[in-house]
Amino acid sequence: MRKATFILMLGIAVAVVAGMSPLKWKTTSIDLGQVSLNEMKDLSFEFTNNSTSAIRIVEAKGSCGCTNVKYPEGEIKAGETASITANFKSGKLGAFKKNIRIKTSDSDEYTYLYFNGEVVE
C-alpha cells in the first residue's frame, strides 16, 4: 500500500512539474522492460516548445554515469518539435529507475524524464 501511494504521489509530482515547463513532452517516462547485462539501450523523449518565444535547453544530465544524454544545442523556436536522446548502458543486475534532469532558458524549474526496467543476465 505504501509503495502504491508513493508511486501515485510521484506521478502527480511529475505531472505538476511537466505542466510548468514551456516544453510539452510526448512522454516523460519510458519502461525498457528486461535489459541484458551490459546492453546499450537508446532512448528518445520528444517535445514541442509550447511557449511564445524561442528557448534553449541549458542543461540535460543523467542521474548516473551509465546514461549519456544529447540535446539540441541551438534555439528551439515556438511551436518547433525536437528530442532529447540518451544511451543507457546496463551494468548492474536488478530493477532500476533512472532520470534525466532538464532545464531550459525559459524556466528556473527542472523537468525530469524517467526510464526504468530490469537488468537480467
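Structural data are supplied above this passage.
Residues numbered from 1 in each chain as written. Predicted model: local features only at pLDDT ≥ 70, side-chain atom pairs only at ≥ 80, totals over all residues. Heavy atoms only, no water.

Q: Go over the environment of Met40, please, and point to the residues and values.
A: Structurally, Met40 can be placed in strand S3 (residues 40-49). The spatial distance from the C-alpha of Met40 to the C-alpha of Cys66 is 9.5 Å, given a sequence separation of 26 residues. When residues no more than four places from it in sequence are discounted, the contact partners of Met40 are Asn87, Phe88 and Lys89. (Helix = DSSP H or I, 4+ residues; strand = E, 2+ residues; numbered from the N terminus. Contact = heavy atoms within 4.5 Å.)

Q: Got a sec to walk through the sheet that holds strand S1 (residues 23-25)? Specific residues and values, please.
A: Across the sheet, 4 strands lie side by side as S1-S3-S6-S5; this open sheet has antiparallel pairing. Edge positions in the open sheet fall to S1 and strand S5 (67-70), since each of these has one partner strand only. Taking the axes of each pair of neighbouring strands and ignoring which way they run, one obtains an average angle of 30° across the sheet. In the sheet, S1 pairs with S3 via 3 bridges, with the strands oriented antiparallel. (Pairing = 2+ DSSP bridges. Axes fitted to C-alpha atoms, helices over the stretch in contact; angles between N-to-C directions.)

Q: Account for the packing of aromatic side chains, naming residues and giving values.
A: By the definition in use, this model includes 6 aromatic pairs. Aromatic side chains Phe88 and Phe115 sit 5.3 Å apart centroid to centroid with 65° between the ring planes, which places their arrangement in the edge-to-face category. With Phe88 in strand S6 (residues 81-89) and Phe115 in strand S8 (residues 110-120), this residue pair connects regions lying 27 residues apart in the sequence. The pair formed by Phe88 and Phe115 is uniform in burial state, with each residue classed as buried. An aromatic cluster of at least three residues, connected via ring pairs, comprises Phe88, Phe96 and Phe115. The ring of Tyr110 carries the charged tip of Arg101 above its face, separated from the ring centre by 4.5 Å. (Phe/Tyr/Trp six-rings, centres within 6.5 Å; stacked < 30°, edge-to-face > 60°. Buried < 20%, exposed > 50% of the residue type's maximum accessible area, 1.4 Å probe, protein only. Lys NZ or Arg CZ within 6 Å of the ring centre and 35° of its normal.)

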